[in-house]
Amino acid sequence: MASSGISALDALTGGLPRGCLTEICGPASSGRTTVLLAALAAATNRREFCVVVDASDALDPHSAATAGVELDRLLWVRCGEGASKSHTTEAGITSQSAFPFDRVKLRFSEYRLEQVLRATDLLLESGGFGLIVLDLADLPIQAARRIPLTTWFRFRRAVENKPTILLAIEQYPIAGSCSSLLLQLGAPDHARKEIEPTHADLLTGSKITAELIRSRLERKPARSVSFASKTAWAG
Amino acid sequence: MPFACIYIPNFPVVAALRATPELQTRPVAILEGKPPLEKILAVNEEARRLNITPGMTKTQAELCAELALRPCSALQESSAHAALLDCAQSFSPCVEDSACDTVILDLAGMESLFGSLPEISRAILDRATALGLAANLAAASNPDAAQVAARGFPGITVIPAGKEAEKLGSLPVEVLFNDRIEGEEKKIAGQILETLDRWGIRNLRALAALPEVSLSERLGQQGLRLQKLARGRAARTLVPAEAPFVFEEAIELEHPVVLLEPLAFLLNRLLEQLCTRLGSRALATQELRLTMELSNLTGIDDECENAGIPSESDQAMWEKPSSAGNGVLLSPARQTQFTRRLSLPLPMLDAKVFLKLLQLDLNAHPPGAPIVKIHLSAEPARPRSTQGGLFLPPSPEPEKLELTLARIAGMVGEHKVGALELLDTHHPEGFRMRRFVAEVAHRVPQKKAPDSEINSAVTALRRFRPPLRATVTLENGQPVRLICRKNDVQGEVLWKAGPWRFSGDWWEREAWSRDEWDLALRDGDAVSFYRLVHDLLGGVWFLEGTYD
């Protein structure tokens with residue numbers, strides 16, 4: 001097990017398991033990226049090399065640096081290059097999906113997804129990384145659910161008995177039983193705020209709630225935990 | 001003090017066979033001169049058995065169907081000579097570059113490293129064979145005796161000290177002259193050989209037995225010098241050569257190469273030779289430079305059609321122009337040279353990895369025309385040395401990592417994979433991508449933060465790239481409603497903070513000035529936080545990211 005960078009999460013789960021797939025799910029603004037950067041900071045401070053396979057090219061370098069990530073040890077794979085070309089040439093192709101959504105958007109997401117999965121395969125084969133993150137947080141759920149379970153199984157087998165942590169950030173759980181640890185991050189409790197936050201307090205004092213949905217490893221008595229998050233300029 | 005001489009008989013043939021080893025078992029002849037007056041310069045043993053001799057014309061040689069004719073290539077001879085020097089330098093620091101096909105080494109002090117003289121000789125010859133050089137090697141107590149013995153005896157010859165005359169006696173007098181001499185030297189050598197032949201002097205024993213005074217009266221100092229060589233008593237010091245630090249291999253092709261697969265085959269051969277030469281000097285490389293000469297094609301070329309230019313379904317190396325609809329190359333190749341430079345993050349020496357990296361690079365950047373000549377050079381570098389440790393965290397193997405990064409770059413784009421470097425600017429996207437290297441200088445570990453700080457995490461921003469255009473409704477200059485069609489983000493602004501004004505680079509063409517807002521928008525039962533930006537120069541509103 002390795003520290004996630006947040007002591008409350010470590011107390012809940014025992015840390016992030018090595019040689020296993022961990023899923024962290026939650027809606028927008030639930031703290032997924034915060035937890036992701038904390039895990040990267042902890043791993044790079046342990047002198048491990050890390051990879052972020054970014055399906056949506058959403059990583060903010062300044063946030064990463066502020067969170068304490070050693071950027072020299074971080075490999076960033078920004079998916080989506082050339083997607084606009086495939087978008088224009090394939091716009092006329094009928095999608096085979098049954099979901100009633102924009103066909104062109106699906107094609108764009110599928111292209112990124114293909115890049116994410118192939119890049120992950122290559123990186124797992126190459127080996128030597130302490131933490132590999134699949135950032136699928138902004139991928140439409142319909143596209144993310146198209147990843148077959150066999151792919152997740154293959155990833156899990158590739159990382160088994162290795163010191164690598166494989167971490168997937170998503171909106172909803174999609175890896176099924178292939179993930180050894182599943183954390184659900186709750187929406188922030190701002191909706192329950194009765195008093196409108198002041199100008200300076202908008203992004204301070206937020207609480208992130210993490211619920212342990214599944215753990216194939218050590219059982220812990222606590223099932224959920226809350227921890228605070230604040231922006232770098234909050235002081 | 002022993003000396004060794006490495007001599008390559010039929011040097012032009014050996015140089016050509018280095019580039020095309022599949023011809024080793026066939027009769028081969030090298031041509032020189034301009035058509036139609038080409039003549040045979042050198043032949044190998046198989047061709048000699050078929051009565052093909054140097055001096056024959058091309059027309060005469062072509063009567064032999066099995067014979068493979070190749071043009072003389074200065075480039076290949078230069079590579080072979082460089083390989084010969086590398087081989088010698090890997091054993092001794094004192095090497096004389098006597099001729100393009102001959103080097104002499106000083107073996108003093110080598111016994112403690114390589115063993116006895118026969119063992120050293122075997123090791124040298126094995127190294128030369130590994131470099132593709134079919135050579136003779138002779139060891140003797142003086143350089144000239146070693147040189148004469150190498151020219152006369154095939155394989156390995158070791159002459160004990162004091163037995164030079166006895167050992168060299170049976171050799172013909174022709175071995176005293178280098179068969180690559182030209183001009184006046186060749187003329188004088190011819191005259192001397194003719195004179196010796198008239199006297200009935202056919203071997204070195206007979207020459208050594210001639211009276212010195214009479215010989216000097218008839219042949220002068222040159223005759224005395226030749227007699228000393230025949231007796232094995234010539235004494236001189238070696239003139240060591242400064243070994244050029246150039247590692248290059250080249251090959252000229254009979255037919256242009258149009259497919260990636262045969263090109264990869266040729267590159268593999270060149271890379272293996274380069275790596276062997278670098279390895280023999282205990283060096284690695286951090287940069288490879290591939291230069292290919294392209295054939296000039298204009299319009300639909302009949303020669304190319306006859307040569308079987310592949311259709312689009314084959315792995316053709318040139319990009320099909322958009323105006324072409326039938327898969328035939330139409331665009332004229334204006335450039336005659338195509339160069340690719342492969343920079344490695346760390347010194348490496350693995351031919352397979354280099355080949356794969358070159359293949360991936362050529363797939364991404366095809367040359368655009370058939371290739372007629374390939375030149376590959378490597379920048380030598382000291383090999384890396386890493387100290388392993390039981391308790392060190394894992395790190396990726398540099399060779400595997402380089403291949404993986406090349407493959408990923410082929411998918412997502414070259415500038416979309418790598419490490420991050422923050423720039424010294426306040427611009428929100430003030431960073432650049434740089435090469436990822438799995439070797440980082442160890443930093444002093446930061447002080448552990450107090451527990452209260454560990455318990456709170458730093459809120460991160462997820463960026464939208466590119467930022468999303470938004471339509472914002474203002475009230476008293478404050479955003480109250482927002483519509484962003486792209487990501488279906490819309491609604492009343494629940495809470496807001498801002499604006500914070502940022503600007504910069506006002507002295508550059510790309511000046512920027514913006515107001516930033518942090519907003520909370522209701523999203524069903526949840527609340528999502530966004531960063532809204534008003535570009536003051538363009539007057540446009542953007543959603544830059546979400547706080548997550």
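Given the structure is predicted, the values throughout are model-derived calculations rather than measurements.

Across its full length, chain B carries 16 helices and 21 strands. The proportion of buried residues among the 548 residues of chain B is 35%. Put simply, 63% of the contacts in chain B that link residues at least 6 apart link residues at least 24 apart.

Time to look at the overall build of chain A. Looking only at helices and strands, one finds seven helices and eight strands in chain A. Split into buried and exposed, the 235 residues of chain A put 50% on the buried side.

All names here are of chain B. Cis rather than trans, the peptide bond between Arg 465 and Pro 466 has omega equal to 0 degrees. If you trace the backbone, Pro 466 turns up in strand 16 (residues 461-475). A cis geometry characterises the amide bond from Gly 498 onward to Pro 499, with omega recorded as 0 degrees. Counting through the fold element by element, Pro 499 comes out in strand 18 (residues 489-504).

Glancing now at the interface of chain A and chain B. Each partner contributes to the interface: chain A provides 66 residues, whereas chain B provides 49 residues. Looking at the side of chain A that touches chain B, the elements with two or more residues in it are helix 1 (7-13), helix 2 (32-45), helix 3 (61-66), strand 3 (74-78), helix 5 (103-126) and strand 8 (224-230) of chain A. Split by residue class, the side of chain A that touches chain B holds 33 nonpolar, 19 polar and 14 charged. Bridge analysis of strand 8 of chain A against strand 15 (residues 457-458) of chain B gives two bridges, and the strand direction is parallel.

All right, on to the pairing of strand 5 (residues 165-170) of chain A then. Residue and element names in this part refer to chain A. Among the six residues in strand 5, six count as buried, and that is most of the element. The alternating pattern of strand 5 places Ile 165, Leu 167 and Ile 169 on one face and Leu 166, Ala 168 and Glu 170 on the opposite face, and all of these are buried. Bridging between strand 1 (residues 21-25) and strand 5 involves five bridges; their strand directions are parallel. Following the sheet pairing, Leu 21 is matched in strand 5 by Leu 166. For strand 4 (residues 131-135) and strand 5, the ladder comprises five bridges, and the chain directions are parallel. In the sheet register, Leu 134 faces strand 5, and the bridge partner there is Ala 168.

So, on to the environment of Val 13 of chain B. Residues and elements named next belong to chain B. By the element assignment, Val 13 lies in helix 1 (residues 11-19). Taking the number of C-beta atoms within 10 Å as the measure of exposure, Val 13 has 24 and is therefore buried. Distance from Val 13 to Trp 512, taken between C-alpha atoms, is 67 Å for residues 499 residues apart in sequence. Excluding anything up to four places from it in sequence, Val 13 contacts Val 28, Ile 30, Ala 42, Val 43 and Asn 44.

Before going further, it helps to examine the nonpolar core. Counting residues in each nonpolar core, the largest one holds 194 residues, and the members touching the most others are Leu 40 and Val 77 of chain A together with Ala 4, Ile 6 and Ala 146 of chain B. No other element matches the nine residues that helix 2 of chain A contributes to this core. Setting aside anything within four residues of it in sequence, one finds Ala 4 of chain B in contact with Leu 105, Leu 107, Ser 121, Ile 124, Leu 137, Ala 138, Ala 139 and Ala 146 of chain B.

On average, residues of chain A carry a pLDDT of 80, and 76% of them reach 70 or more. Low pLDDT, under 50, characterises residues 83-103 of chain A; the stretch is placed with 18 contacts to residues that sit more than four places away or in other chains.

Take the sheet that holds strand 12 (residues 371-381) of chain B next. Residues and elements named next belong to chain B. Across the sheet, four strands lie side by side as 9-12-10-11; this open sheet has antiparallel pairing. In the strand order of this sheet, the two ends are held by strand 9 (247-257) and strand 11 (337-348), each with one partner. Pairs of neighbouring strands in the sheet enclose a mean axial angle of 15 degrees, with direction left out of account.

Okay, the environment of Arg 469 of chain B next. Residues and elements named next belong to chain B. Note on placement: Arg 469 falls in strand 16. Along the primary structure Arg 469 and Glu 77 are separated by 392 residues, whereas in three dimensions their C-alpha atoms are 64 Å apart. Residues within four places of Arg 469 in sequence aside, it is in contact with Val 540 and Phe 542.

The next thing to look at is the environment of Pro 367 of chain B. Inspection of the secondary structure puts Pro 367 of chain B in the loop between helix 14 (351-364) and strand 12. Remark: the alpha-carbon pair of Pro 367 of chain B and Arg 340 of chain B, spanning 27 residues in sequence, is separated by 9.3 Å.

On to the packing of helix 4 (residues 74-89) of chain B against helix 12 (residues 260-280) of chain B. All names here are of chain B. Contact geometry for helix 4 and helix 12: axes closest at 8 Å, N-to-C directions at 30 degrees. Judged by the inter-axis angle, helix 4 sits roughly parallel to helix 12. Viewed along their axes, helix 4 and helix 12 form a crossing whose handedness is left-handed. Residues Ala 83, Asp 86 and Cys 87 of helix 4 form the contact with helix 12, whose own contacting residues are Gln 273, Arg 277 and Ser 280.

Conventions we followed
Residues numbered from 1 in each chain as written. Chains lettered and ligands numbered in written order. Predicted model: local features only at pLDDT ≥ 70, side-chain atom pairs only at ≥ 80, totals over all residues. Helix = DSSP H or I, 4+ residues; strand = E, 2+ residues; numbered from the N terminus. Buried ≥ 20, exposed ≤ 12 C-beta atoms within 10 Å, placed from the backbone. Contact = placed C-beta atoms within 7 Å. Nonpolar A, V, L, I, M, F, W, Y, C, P; charged D, E, K, R; others polar. Pairing = 2+ DSSP bridges. Core = buried A, V, L, I, M, F, W, Y, C linked by C-beta atoms within 7 Å. pLDDT = per-residue confidence, 0-100. Axes fitted to C-alpha atoms, helices over the stretch in contact; angles between N-to-C directions. Parallel < 35°, antiparallel > 145°, perpendicular 65-115°, else oblique. Left-handed = near helix turned anticlockwise from the far one by under 90°.

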